[in-house]
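Residue strings, one per chain:
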Amino acid sequence: QGEEMVKKMVGKKCPKFQGECTSELSLSNKDFIGSNLVIYFYPKDSTPGCTNESIDFISSNERFKLKIFTDVSCSYCRLLHSEIDQYLSNGITINYLAFPRDGLDSEVYKDMVSVWCSLDPKDSLNKLKKGENIESKNCKNPVEEHFRKGSLIGITGTPTIILEDGTKFSGYIPANELIKILESG
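Procedures and definitions
- Residues numbered from 1 in each chain as written.
- Predicted model: local features only at pLDDT ≥ 70, side-chain atom pairs only at ≥ 80, totals over all residues.
- Heavy atoms only, no water.
- Buried < 20%, exposed > 50% of the residue type's maximum accessible area, 1.4 Å probe, protein only.
- Helix = DSSP H or I, 4+ residues; strand = E, 2+ residues; numbered from the N terminus.
- Arc of directions from axis to C-beta.
- Contact = heavy atoms within 4.5 Å.
- Salt bridge = Lys/Arg side-chain N within 4 Å of Asp/Glu carboxyl O.
- Pairing = 2+ DSSP bridges.
- Axes fitted to C-alpha atoms, helices over the stretch in contact; angles between N-to-C directions.

Caption draft 1: Quick look at helix α6 (residues 143-152). All of the buried residues in α6 are V143, H146, F147 and G150. Looking straight down α6, one finds that the buried residues subtend no more than 100° of arc, so they occupy a single side. On the buried face of α6, the contacting elements are β4 (64-70), β5 (92-98) and α4 (107-117). Looking one or two places after α6, you find G154, whose phi comes out positive at around 90°.

Here it is in structure tokens:
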């Protein structure tokens, strides 16, 4: 389908356009008069169509970043997630990675794919962590790759917390304790 569209567009006049770039520049077709032009539109970060590697809960006063391998059906993962506001207010950004403990042929895997493929992955993750249902979705996603990488570094359970220096903690740690661990270095 994409190749057919490209073939239809080759040699055609570029339609009028004007837009903002990620570098805060503004471009329009007038900037390219007399030039051959290839236009590629990439979805803005964290918008529908953008494949996100992780689902990020970003602290407005970030001091620490954690990668957490999670499973939406894991009760300790749900407990950890219930403290997300405490992490964020203490300067801790959480980058969630998927680790469906029941494997890649499980319902949990399908649920996690649905989270990453949803229009609002954070909201979908929040809902599943609360035991609510979400719409089943499928798309290009990183869930299988997360599971593979997690397995390679020895993860067998969730939550698994990876600090910026690579230190790994298996299992739930209450927010107040984890904050003390991070602050003590």
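Caption draft 2: Representation of the pattern of salt bridges in the model. As enumerated under the stated definition, the model contains 6 salt bridges in all. A salt bridge links E183 to R63; its shortest N-O distance comes to 2.8 Å. Here E183, found in helix α7 (residues 175-184), pairs with R63, found in the loop between β3 (55-57) and β4; they are 120 residues apart in sequence, far enough to count as distant. Here R101 makes a salt bridge to D71, at a shortest N to O gap of 3.1 Å. Separated by 30 residues along the polypeptide, R101 in the loop between β5 and α4 and D71 in the loop between β4 and α2 (75-82) bring together distant segments of the chain. For R101, a relative accessible area of 38% corresponds to the partly exposed category.

Caption draft 3: Expanded view of the pairing of β4. With 5 of 7 residues buried, β4 lies mostly within the body of the structure. Direction of pairing for β4 relative to β5: parallel, over a ladder of 7 bridges. Bridge pairing links K67 to N95 in β5. Pairing between β4 and strand β6 (residues 160-162): 3 bridges, direction antiparallel. Residue K67 lies in a different strand from β6, and its bridge partner there is I162.

Caption draft 4: Main features of the sheet that holds β6. With mixed pairing, 5 strands are arranged side by side in an open sheet as β3-β5-β4-β6-β7. The open sheet has two edge strands, β3 and β7 (168-170), and neither has a second partner. Averaged over all pairs of adjacent strands, the angle between strand axes in this sheet comes to 20°, irrespective of strand direction. Note that β3 and β5 share 3 bridges and pair antiparallel. Residue pairing for β5: D56 is matched across the bridge by N95. α4 contacts β3, β4 and β5 of the sheet and is inclined by roughly 125° relative to β5. Contacts from α6 reach β4 and β5 within the one sheet, and its direction differs from that of β5 by about 100°.

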